[in-house]
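# Observations on the three-dimensional arrangement
The primary structure of each chain is shown beneath.
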Amino acid sequence: MGVLRAGLCPGLTQDMVQLLQSRGIKTVVDLVCADLEEVAQKCGLSYKALVALRRVLLAQFSAFPFNGADLYEELKTSTAILSTGIGSLDKLLDAGLYTGEVTEIVGAPGSGKTQVCLCVAAHVAHGLQQNVLYIDSNGGLTASRILQLLQARSPDEEEQAGALQRIQVVRAFDIFQMLDVLQDLRGAVSQQVSSSSGTLKVVVVDSVAAVVAPLLGGQQREGLALMMQLARELKTLARDLSVAVLVTNHMTRDRDSGQLKPALGRSWSFVPSTRLLLDSTQSSGSLGSWRVVCLTKSPRLPTGCQETVDLGSLGTPAFQGDHKGH
Amino acid sequence: MRVERITEEAGQVSQNVFEFLRAPEPEASCSQAADASPSVFRLTSQGAADAGVRARLALGARECARRWFEMQRDLVSLPLSPAVRVKLASAGFQTAEELLEVKPSELSKEVGISKEEALETLQIIRRECLTNKTSYSVTAESGRKCTALELLEQEHTQNFIITFCSALDNILGGGIPLTKTTEICGAPGVGKTQLCMQLAIDVQIPECFGGVEGEAVFIDTEGSFMVDRVVDLATACIQHLQLIAGTHMEEEHPKALQDFTLENILSHIYYFRCRDYTELLAQVYLLSDFLSEHSKVRLVIVDGIAFPFRHDLDDLSLRTRLLNGLAQQMISLANNHRLAGKVGDMLLQYGLSFTGTKSKDGISLEKELATRSSNLAWKTPWTEEPGRLQPVGSQESDTT
C-alpha cells in the first residue's frame, strides 16, 4: 500500500492529501486504519467522502477473492505436466514438471544439475515443441551440448534448428540482472511479444545459488530480502504465466554435523515445492556417469524414493524406464 | 468494448458510489477510470444490482488488475543504497512506479534524504523502468538475450587457446575455451604456474597459426612468476612457429611471425601483483575498466586464488562469500569481454581459486623486467609430471 497522492483514486484531490498529511496520515494504511470520525472533525472533510474514499482504496489495494470451485476449474485447464525426457526423473516427479510450481535440483559440483537442465530444455523444445527460457548464471551452458542432445533425438537438421530456436538463452550474473530478466519476461508476455511458434512453458534458472550466495550472511541484511524477492518473482511468474520453473542449487556442509545439505538455508527450502537431490552412486564415485536421484521434498509422492540416471545417455529417446545401477 | 459496457452500467451504479465519483459526465469519468485502474470496476461491481453484470465487470477487473500489477516494480529489486531504501520504505513508497512522477526536491523533503541522493535514486529508477518499457521486443543491451541457435553459431566461430600439450588439448576439447572460466588444481610443484605462463604466451599466437592473437593479464598472488622462465618459453615458442612457417611458404605466415618477437610477447603480458585478499578483490573488480581500455586481452590468469584467503581470513563464511562473489565477477568478465579466465590453485574443497597481483594499474612486462629479475629465485625445480602434463619448455618435437 503506497503513499497517498492526488489522483491515486477518483476523488482524492491534492487539498485532501495535504490536509491528511498535516494530520499525520501519509499512506493508504494510515487512512484505512484511522478513526474516520476523528479525522473528519480534525481535517474538516466530510465523513461521507472519507468513507467512500476508504472503500475505494480498499477495493483498489485489497486482494480479489476467488471462488474455490472457479479456482479448481482454472487449475485443471491451465496446469500442464511437462515430461523431462528422462524416465526415472519423470517417475519421481509424478509424470513430469508441473506448470505453476517451482522444482529444484540440488547437487554437489559435477553431479549433473546442468546436464539435467539441458536435457529438459532439449526435450521440451524438441519433443513438446514449446518455448524454453534458460537463465544462465554460472556459464555452464554450451549450445554444442544441447545440439548433441538434439542429435541423439532426431537426425533431421531442420528439426534441430527449430528446437534450438525455441530455446532462449539469457545470461544474468548477479541478482539485479536476474530480477531485471524476470521483469522483462513479464513485460514481454504481457505485451504479447512472441518470437516463434509455441508458448513459453519452462523457465530454467541455472543456478540460483550462484547469484544469491554472495549476498547471504555476515553483516548484510539485504541478502535475505533480495533472495525472498527473487523467490516471490519466480513463484508469481510460475503461477501467472503458467510456466514450470526449474532451478538448481548447490550443496554446503552443515556447520555442526558436517553433513551435506542444500545451500541457501531454511528460508529458501520453503520456496520450491519439489526438490530432487543428485548424487553420484557409490560404485562409480565421481568418475562414472551414473547418478542417484532422490526425492527429498514433494507435494504428491512420498519422499525418500530413489532412482538412477545415466548422464552419459541422456536424451536418447530409447532411454525410458528405470535402469538400476550395476 | 469494456468501456462501452461500463458506460452502460454506470447508470445502474448505486447512489453513494455515483455521488462519490462526482463527475459532471459519468461516461467520461468511467472511461477515464476504465483506463486508469481496476478499482472503479470493482467499485461499480459492488454497487451494480445485476449479478451477471457484476461477474463480467469482475472479470474485466481481474484482467485489468493483472495487467496493472505486472507493470509495477518493487523497490527491493532495484540496486539502491540500503540507507535510502530503508527511508523510502518508512515513508511508504513500495513500487518504482510511485516514484516516477516525483521530483527530486519533493522526494528529498518527504523522505528525508539529501538532494543528491534523491537525484541519484530517481535516475536509477527511471533508467530501470524506462529501459524495461522500451526494450521488450528487442534484445537487451550487450546482447544478453539470444536463442540457442545463435549461441551455437557463436561457439562454432570461437577459438581455443592451445596449451601446446596435445593430451591436455584433447581432454579440454581443443584447448582453453574463451568466455568460460577454467580451473587448474594441483599439489605444490606440479606445474600450475608453468602452465599459466605457457598460456600467457600461447594466447598471443597469430591467427594464421591457429591462435587467438590476443594479450594476457597475469595476476600473481604467490610471487611465483619467473620472468626468465617466460623468456625461455617464449623463445621456444618462436622457434616452433618458425619451423611451422618454414613448411608453409604462404605470404601471411612469415609476415605474422615478424611481429611475434620476444619484446612484443613480453610487452603484451600485463602483470599485476596482489599481496592480500583486499588487493586481489580490488584488482578483479577494477579489471572491467582495464579490459575496456585494452580490448585485445583474451586471457586473464589468476595464479593462486586460495593463497591470500587462506592466510588472512579467519571468518570462513566471509571467505566463502567473497570467493563466490569473485567467481561471479570473473564469469561475468569472461562472458562480457570474450575472455578465458584461468585460475591455478592448490587443492581445495571448494571450486574457484583465483590468483591476483597487487598493482592497481597494469604495467607491461617490459618495465617490470628491470625491477624484478634480480629478486626472483627458482623455488621448486621443474619436474616432469608423470602422465598428463609434459614439460612445455622444450617443445620442438611434440605438440600438434
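All residue numbers here refer to positions counted from 1 along the written sequence of the relevant chain. Naming scheme: in the order in which they are written, chains are lettered from A and ligands are numbered from 1. Where local features are concerned, this predicted model is filtered to residues with pLDDT of at least 70; where side-chain atom pairs are given and counted, the filter is 80 or more; whole-chain, interface and lining totals use all residues. Note that the side-chain values use all heavy atoms of the structure and ignore hydrogens as well as water.

## Side note on the overall build of chain A
Numbering goes from the N terminus for both helices and strands, where a helix is a DSSP run of H or I of at least four residues and a strand is a run of E of at least two. A count of helical and extended segments in chain A gives 13 helices and 12 strands. A principal-axis box enclosing the C-alpha atoms of chain A has dimensions of 85 × 50 × 35 Å. With a 1.4 Å probe rolled over the protein chains alone, any residue whose accessible area is under 20% of its type maximum counts as buried; one over 50% counts as exposed, and the rest are partly exposed. Counting every position in chain A, which comprises 326 residues, the buried fraction comes to 51%. Only heavy atoms matter for contacts: two residues are in contact if any of them lie within 4.5 Å across the pair. Pairs at least 24 apart in sequence give 64% of the contacts found in chain A among residues at least 6 apart. A 1.4 Å probe and the Shrake-Rupley method give the accessible areas. Residues count as covered only by the protein chains that appear here. Element-wise, carbon and sulfur atoms account for 52% of the exposed surface of chain A, whose accessible area totals about 14,400 Å². Of note, chain A has its 29 positive side-chain charges centred 6 Å away from the centre of its 30 negative side-chain charges. Positive charges are assigned to Lys and Arg, negative charges to Asp and Glu, while His and the chain termini are left out of the count. In this description, the location of a charge corresponds to atom NZ of lysine, CZ of arginine, CG of aspartate or CD of glutamate.

## Structural notes on the packing of helix α8 (residues 143-153) of chain A against helix α9 (residues 157-166) of chain A
Residue and element names in this part refer to chain A. At a closest axis distance of 10 Å, the pairing of α8 and α9 adopts a crossing angle of 135°. Of the possible angle classes, the one that applies to α8 and α9 is oblique. Our pair here, α8 against α9, has a crossing hand that is right-handed. On α9, the residues touching Ile 146, Leu 147, Leu 150 and Gln 151 of α8 are Gln 160, Ala 163 and Leu 164. Asp, Glu, Lys and Arg are counted as charged, while Ala, Val, Leu, Ile, Met, Phe, Trp, Tyr, Cys and Pro are counted as nonpolar; the rest, among them Gly, fall into the polar class. Within the contact of α8 with α9, the residues separate by chemical class into 5 nonpolar, 2 polar and no charged. Structural elements are reduced to axes, namely lines fitted to C-alpha atoms, with helices fitted over the stretch in contact, and the angle between N-to-C directions of any two is expressed from 0 to 180 degrees. An angle below 35 degrees is read as roughly parallel, one above 145 as roughly antiparallel, one from 65 to 115 as roughly perpendicular, and any other as oblique. Rotating anticlockwise by less than a right angle from the far helix to the near helix defines a left-handed crossing, while the corresponding clockwise rotation defines a right-handed one.

## Here's the deal with the environment of Phe 164 of chain B
Residues and elements named next belong to chain B. Among the structural elements, Phe 164 can be located in the loop between β2 (160-161) and α11 (166-172). For Phe 164, a relative accessible area of 4% corresponds to the buried category. In sequence terms Phe 164 and Asp 228 are 64 residues apart; their C-alpha atoms lie 19 Å from each other.

## Some thoughts on the environment of Asp 206 of chain A
Residue and element names in this part refer to chain A. Structurally, Asp 206 is set in strand β6 (residues 200-206). By relative accessible area, Asp 206 is classed as buried at 1%. For the pair Asp 206 and Lys 113, spaced 93 residues apart in the sequence, the C-alpha separation amounts to 8.4 Å. With sequence-adjacent residues up to four places away left out, Asp 206 is seen in contact with Thr 114, Tyr 134, Ile 135, Asp 136, Ser 137, Asn 138 and Thr 248. Here a polar contact is recorded for every N or O atom pair within 3.5 Å, except that within protein the pair must consist of a potential hydrogen donor and a potential acceptor, and residues adjacent in sequence are included only if both atoms are side-chain atoms. Within the structure, Asp 206 has its side chain in polar contact with the side chain of Thr 114 (distance 3.2 Å).

## Comments concerning the sheet that holds strand β5 (residues 167-171) of chain A
Whether two strands pair depends on DSSP finding at least two bridges between them. Taken in spatial order, the 9 strands line up as β12(A)-β11(A)-β10(A)-β3(A)-β7(A)-β6(A)-β4(A)-β5(A)-β1(B) in an open sheet, and their pairing is mixed. Edge strands, defined here as strands with exactly one partner in the open sheet, are β12 (306-310) of chain A together with β1 (145-147) of chain B. For this sheet, the mean inter-axis angle between neighbouring strands, taken without regard to orientation, is 20°. Across 6 bridges, strand β10 (residues 274-280) of chain A lies against strand β11 (residues 290-297) of chain A in antiparallel orientation. The partner of Asp 279 of chain A across the bridge, within β11 of chain A, is Val 292 of chain A. Packed on one face of the sheet, helix α12 (residues 222-241) of chain A meets β3 (102-107), β6 and β7 (244-249) of chain A and runs near 155° to β7 of chain A.

## Considerations on the packing of aromatic side chains
Residue and element names in this part refer to chain B. Each Phe, Tyr or Trp ring, with Trp reduced to its six-membered ring, pairs with another whose centre is within 6.5 Å; inter-plane angles below 30 degrees give stacked pairs, above 60 give edge-to-face pairs, and intermediate values give tilted ones. Applying the stated rule across the entire model yields 6 aromatic pairs over all chains. A centroid spacing of 4.8 Å and a plane angle of 35° characterise the contact between Phe 225 and Tyr 271, whose relative ring orientation is tilted. One end of the pair, Phe 225, is in the loop between β5 (215-220) and α13 (227-247); the other, Tyr 271, is in strand β6 (residues 269-273), and 46 residues separate them in sequence. As far as the burial class goes, Phe 225 and Tyr 271 line up, both buried.

## Observations regarding the domain arrangement of chain A
When the domains of chain A are assigned, the result is domain 1 (14-61) and domain 2 (74-310). Domain delimitation follows an automatic or database domain assignment. A C-alpha centroid distance of 47 Å is found between domain 1 of chain A and domain 2 of chain A.

## A few points about the pairing of β12 of chain A
Residue and element names in this part refer to chain A. For β12, the buried fraction is high: 4 of the 5 residues fall into the buried class. For β11 and β12, the ladder comprises 5 bridges, and the chain directions are antiparallel. Across the sheet, the residue bridging to Cys 294 is Gln 306, located in β12.

## Let's talk about the pattern of salt bridges
When the charged atoms of two side chains lie near each other, side chains of opposite charge can form a pair. Every case where a carboxyl oxygen of Asp or Glu lies within 4 Å of a side-chain nitrogen of Lys or Arg is listed as a salt bridge. Scanning the entire structure with this criterion turns up 10 salt bridges over all chains. Note that Glu 104 of chain A is salt-bridged to Arg 275 of chain A, the shortest N-O span being 2.5 Å. With Glu 104 of chain A in strand β3 and Arg 275 of chain A in strand β10, this residue pair connects regions lying 171 residues apart in the sequence. Taken individually, Glu 104 of chain A and Arg 275 of chain A each receive the classification buried, so the pair is uniform in this respect. Taking the shortest distance from any N to any O, the salt bridge between Arg 85 of chain B and Glu 222 of chain A comes out at 2.8 Å. Residue Arg 85 of chain B is located in helix α6 (residues 82-90), and its partner Glu 222 of chain A is located in helix α12; the two belong to separate chains. Residue class for Arg 85 of chain B comes out buried when judged on its relative accessible area of 10%. According to the relative accessible area criterion, Glu 222 of chain A is partly exposed, its value standing at 24%.

## Regarding the pairing of β3 of chain A
Walk down a regular strand and you will see the side chains alternate between the two sheet faces. Residue and element names in this part refer to chain A. Taken across its 6 residues, β3 has 6 buried, putting it largely inside the fold. Of the two faces of β3, the one holding Val 102, Glu 104 and Val 106 and the one holding Thr 103, Ile 105 and Gly 107 are both buried throughout. As paired strands, β3 and β7 are joined by 5 bridges and run parallel to one another. The residue of β7 that forms the bridge with Ile 105 is Thr 248. Both β3 and β10 contribute to a ladder of 5 bridges, which runs parallel. Opposite Gly 107, over in β10, you have Leu 278 as the bridge partner.

## Some thoughts on the nonpolar core
In this text, buried Ala, Val, Leu, Ile, Met, Phe, Trp, Tyr and Cys residues form a nonpolar core when linked through side-chain atoms within 4.5 Å. Ranked by internal contacts, the top residues of the largest apolar core, which has 44 residues, are Val 116, Tyr 134, Ile 146, Leu 164 and Ile 167 of chain A. The dominant element in this core, judged by the number of residues it contributes, is helix α7 (residues 113-126) of chain A, at 9 residues. Counting residues in each nonpolar core, the second largest holds 37 residues, with Phe 218, Cys 237, Ala 245 and Leu 266 of chain B among its members.

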